[in-house]
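Survey of secondary and tertiary structure
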Amino acid sequence: MRRSVPGRRFTGNSRQSSSRENLLPPAMALAGFQAMVYSILSGILLILTVPWQARAQATAQLSGTVVDPLGAAVSGANVRLTNFLTGFERQTTTRSGGSFQIVNVPFQTYELQVSHSGFATHTQAVQLRSNVPVLIPVQLSLATQQEAIDVSLVERITLIDTEATGTRTELNRTAIEQMPVQAGARGLEGILLNFPGFAANANGAVHPRGAHNQMTYVVDGMPVSDQFTGSFATSIDPSMVQSLELYTGDIPPDYGSKVSGVANITTHSGFDGAGDFFGMLELGAAQFDTGSAMLQLGGAGEKLGYFGSVSAVKSNRFLDSPSLDNLHNGGNAERGFLRLDYHATPKDSLRVSLLAGRSSFQLANLRSQHLNGQQQRRHLRDAAVSLGWVRLISPSATFDSTTSYRTTVAQLFPSEGDTPVTASLARHLSTFSSFNRFNLLRGRHHWKIGFDYQYFPVSENFFFAITDPRFNHPGSRDFNPNLATFDLTRGGHWFRFSDKGAGHLQTVFLQDRIKLGRFQLNLGGRFDRYRFLTVGSQFQPRLGVAYHLKETGTVLRASYNRNYQTPPNENLLLSNSEAAGRLAPPDVRRDLNGGVILIGSQRQNVYEVGLQQRLADRASLNAVFFHKDSRDLQDNDNFLNTGIIFPTSLARSNVNGFETRLTLPEIHRFGGSVSTTHYHVVVTPPFTGGLFLGSAALDLLSEGPFVIDHDQKLAVSGLLTYRPRQNWWTSWQVRYDSGLVPNPSDPAQVARDPDYFDQLPLVNLTSDPPRVKARTILDATVGYRHIRGDRRVWDLVFQAANLTDRTALYNFQSVFVGTRVVQPRTLSAKVRWYW
């Protein structure tokens, strides 16, 4: 059956009209683009009207002066800052006056090594834990006076983090470059699966510690809590990341809104390079007609540093498919990034960050949709600007502030062959943020006080209609009479919704990190006030303690966090509307007082205990147990495999989990890590929000406590790197997943379904609860690095994703995420040139 689709944009509340209209015109796409450009210009103007209060600096700065035994300055000395556990390394040389400076350093404990011909090598441990600059004077001794140095002493110190009071993991740029990351539209989310605490889902989606998503990505101090997977937004490009710091336990009070996991990302800076000008060009190709290109340029003078990156990718397997056949699944994505650093005065540092991205891709079809001629497509665009200022008030105090603006546009374009439902979407979400921090080091105390504000205007336009007479058939047991009005096959018309609104989040927090001998105390509190469709506030203690057993190389940790997680803004207006409530079946509407209960903020208690153990001075082991209990658990309803999400929540949830991570820094050319994750998630109805078009899904969520779809019995991720020769390296990653929880579908019905019958062997629908069958995926990378002198000239990298070509599912007919198939074996190659 051929039909028309909506072509006009409406304002005000939902309303209905004739089912016969013209096809969606280009004007709607142009209107979305114009709205985004207007929002970007408005955001930049808004930021520029604010005094230079901008991006909070979440990195450290190390300075020093190197002198000889008589106190004379030593120029040309090699200064090397490293962390044995994370693999971080930065080098510089001293200037004519013997001074050196290293900036953009993640918070951590480091080994500082200073060397010069004729002098003994100087080695010491350095604590860099705040953005208050650290000054280290170094006096070299003559080489004839060199004593035996226990180099492993510093390595042992950096093998464990004695000041972390919760689960915190870090990766650096070199490790990220060598990880086998699937070619195509995958971004930083694929990197996170190497960490413990995450369950893998389709299109790079991750479930942190039993949550659906609820991740915050902090890019150079700019927080982004929108969903960042390929089907919802243009992902973060891993190539622009200098270091990645991940928090999943004892979240600092700096962070709020979405804190099941916090990824603090420090991007590449012009000051990280080796001269006034440097760059890199990368070209890549892979199966499924995948091609990619990237250009990076950077450099630095005495005061100004710059770094820019542009990248593009296209593929005929852009996202994970709902079918074993790869049908109608092409797409492309582009992303740009620019960072400017300016050291205006010895006391003032300024920073500007610009990000922009877009993607355009086909929605992958089921077989029945492909035969019917379905050709839906999605467009995603985003842009952000962040301005920063850090002021050194005194040698022990700083003030830093953040002002940033980010805007996103998401569109779904229908087609005449859509089945069983056709839909159209135009959503616009913006976020203006201001973050202000005062840092003070006083004796054993590190004080931090913060005042934050966020403003987020949203607009939503969503239309849908039923196009298959078998969907919601009047004679069906699951017939919902409230959907009959929108059934085009029976004379119905389009459902239409258009609305706009704006919300606010105000925050104040206080933190004191105290060093008491072998104890490290983290005493913090945060107060949030949220005002949008609902109004609420919450005081949130963030308390943690660590104890260092120096004799055994052990750190014991315990923490308690109270979290207040605000609802996701994507399609929140529709999910909370009377229009969506009227679509619920009559029984549900009666039980839920008309079918509408507004989605409130999630209130959560998080308890964690764990330890970190140094092993034989060459490895580190983390082991953690955690418990989380929540009210108004936040989740998402995925609209019929389209990637359009509608926020929903359930009354309560309980999560119990255990995770470990064994890290082996590179020794004798070998290095790697092994992470294990287990967690059990039970949720209790009733639910609120969402857009569930079938009553069977509503019945499932209303029957009583059940194990939710992202429950994971066991996940194991192992990474091994090996350098057989100086310029050659290879990296192997294996991941085992015991399987997520799908809907309790009837196996007999699935066997008769032409879209899903061949997936039946990949899921166990008779277990309690049903589960996708376990899978083991192996990825491998081999690379060659050509070096001339001490400079890298070019790289050549070959990669095989899913090397054994394992056929498996991420999930199956899930109410929350739909059905998605693991990508089959994919071979790829990349070449990079450096200058």
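Scope of this entry: the structure provided in the associated data block.

About the cut-offs
- Residues numbered from 1 in each chain as written.
- Predicted model: local features only at pLDDT ≥ 70, side-chain atom pairs only at ≥ 80, totals over all residues.
- Heavy atoms only, no water.
- Salt bridge = Lys/Arg side-chain N within 4 Å of Asp/Glu carboxyl O.
- Buried < 20%, exposed > 50% of the residue type's maximum accessible area, 1.4 Å probe, protein only.
- Phe/Tyr/Trp six-rings, centres within 6.5 Å; stacked < 30°, edge-to-face > 60°.
- Helix = DSSP H or I, 4+ residues; strand = E, 2+ residues; numbered from the N terminus.
- Patch = residues over 30% accessible without salt bridge, like charges linked within 9 Å, V, L, I, M, F, W, Y side chains within 5 Å.
- Areas by Shrake-Rupley, 256 points an atom, 1.4 Å probe, with all protein chains shown as cover.
- Core = buried A, V, L, I, M, F, W, Y, C linked by side-chain atoms within 4.5 Å.
- Contact = heavy atoms within 4.5 Å.
- Pairing = 2+ DSSP bridges.
- Axes fitted to C-alpha atoms, helices over the stretch in contact; angles between N-to-C directions.
- 1 Å grid on protein atoms, 1.4 Å probe; cavity = no way out; pocket = protein on both sides within 12 Å on 5 of 7 lines; lining within 4 Å.
- Points joined across faces, edges and corners; volume = space filled by probe spheres on them.

Between side chains of opposite charge, a pair can form when the charged atoms approach closely. Following the criterion strictly, the structure yields 36 salt bridges and no others. Its salt-bridge partner being arginine 490, residue aspartate 487 comes within 2.7 Å of it at the nearest N-O pair. When its relative accessible area of 2% is taken as the criterion, aspartate 487 is described as buried. The class of arginine 490 is partly exposed, set by a relative accessible area of 37%. Connected via shared salt-bridge partners are Arg173, Glu177, Glu282, Arg785, Arg792, Asp795 and Arg832.

Using the criterion set out here, one finds 18 aromatic pairs in the structure. Seen from their ring centres, phenylalanine 307 and phenylalanine 337 are 6.3 Å apart, and the 55° between their planes marks the pair as tilted. On the criterion of sequence distance, the pair formed by phenylalanine 307 in strand β17 (residues 304–315) and phenylalanine 337 in strand β18 (residues 331–345) is long-range, its members being 30 residues apart. Phenylalanine 307 sits in the buried class, given a relative accessible area of 1%. Judged by centre distance (5.2 Å) and plane angle (20°), the ring pair of phenylalanine 318 and phenylalanine 361 falls under stacked. Placement of the pair is phenylalanine 318 in the loop between β17 and β18 and phenylalanine 361 in strand β19 (residues 348–362), with a sequence separation of 43 residues. With a relative accessible area of 2%, phenylalanine 318 lands in the buried category.

Residues Phe277, Leu283, Leu295, Leu297, Val310, Trp833 and Trp835 make up a contiguous nonpolar surface patch of roughly 600 Å² in combined accessible area. Here leucine 283 shows up in strand β15 (residues 278–286).

A few words now on the nonpolar core. In globular proteins that are soluble, nonpolar side chains generally tend to be buried together. If you look at the biggest cluster of nonpolar residues, it comprises 38 residues, and the most contacted ones within it are Phe462, Phe464, Phe495, Leu574, Phe639 and Leu691. Residue assignment for this core shows that the elements contributing at least two residues are β21 (397–413), β22 (421–442), β23 (445–466), β24 (495–516), α6 (572–575) and α7 (578–581). The greatest single-element share of this core, amounting to five residues, is contributed by β23. Excluding residues that lie within four positions of it along the chain, leucine 691 makes contacts with Phe462, Leu574, Ala580, Leu583, Asp637, Phe639 and Phe646.

Moving on: the pairing of strand β8 (residues 168–172). Counting buried residues along β8, five of its five residues qualify, which places the element largely inside the surrounding structure. Here β8 shows two buried faces, one formed by Arg168, Glu170 and Asn172 and the other by Thr169 and Leu171.

The sheet built from four strands is open, its strands ordered β3-β2-β5-β6 with antiparallel pairing. In this open sheet, the two edge strands, each paired with only one partner strand, are β3 (89–93) and β6 (122–128). Neighbour-to-neighbour, the strand axes of the sheet open up by a mean angle of 20°, direction not taken into account. Where strand β5 (residues 108–115) lies against β6, seven bridges are found, and the strand directions are antiparallel. Each bridged residue has a counterpart across the sheet, and for valine 114 the counterpart in β6 is histidine 122.

The next thing to look at is the sheet that holds β8. The strand order across the open sheet built from five strands is β8-β13-β14-β11-β12, with neighbouring strands paired in mixed fashion. One side of each edge strand has no neighbouring strand; the edge strands of this open sheet are β8 and β12 (222–224). Mean inter-strand twist for the sheet, computed between neighbouring axes without regard to direction, equals 20°. As paired strands, strand β13 (residues 241–247) and strand β14 (residues 261–267) are joined by six bridges and run antiparallel to one another. Across the sheet, the residue bridging to valine 241 is threonine 267, located in β14.

Glancing now at empty space enclosed by the protein. The rolling of a water-molecule-sized probe over the atoms marks out the regions of remaining empty space. Summed over the entire model, instances satisfying the criterion amount to 17 cavities of 30 Å³ or more. For the second largest cavity, the calculated volume is near 430 Å³. Residue lining of the second largest cavity: 28 residues in total, with Gln182, Leu193, Gln733, Asp779 and Tyr810 positioned closest to the centre. Residue contributions to the lining of the second largest cavity peak at four residues, all from strand β34 (residues 728–737).

Everything listed here is a matter of geometry and, on its own, says nothing about what the molecule does.
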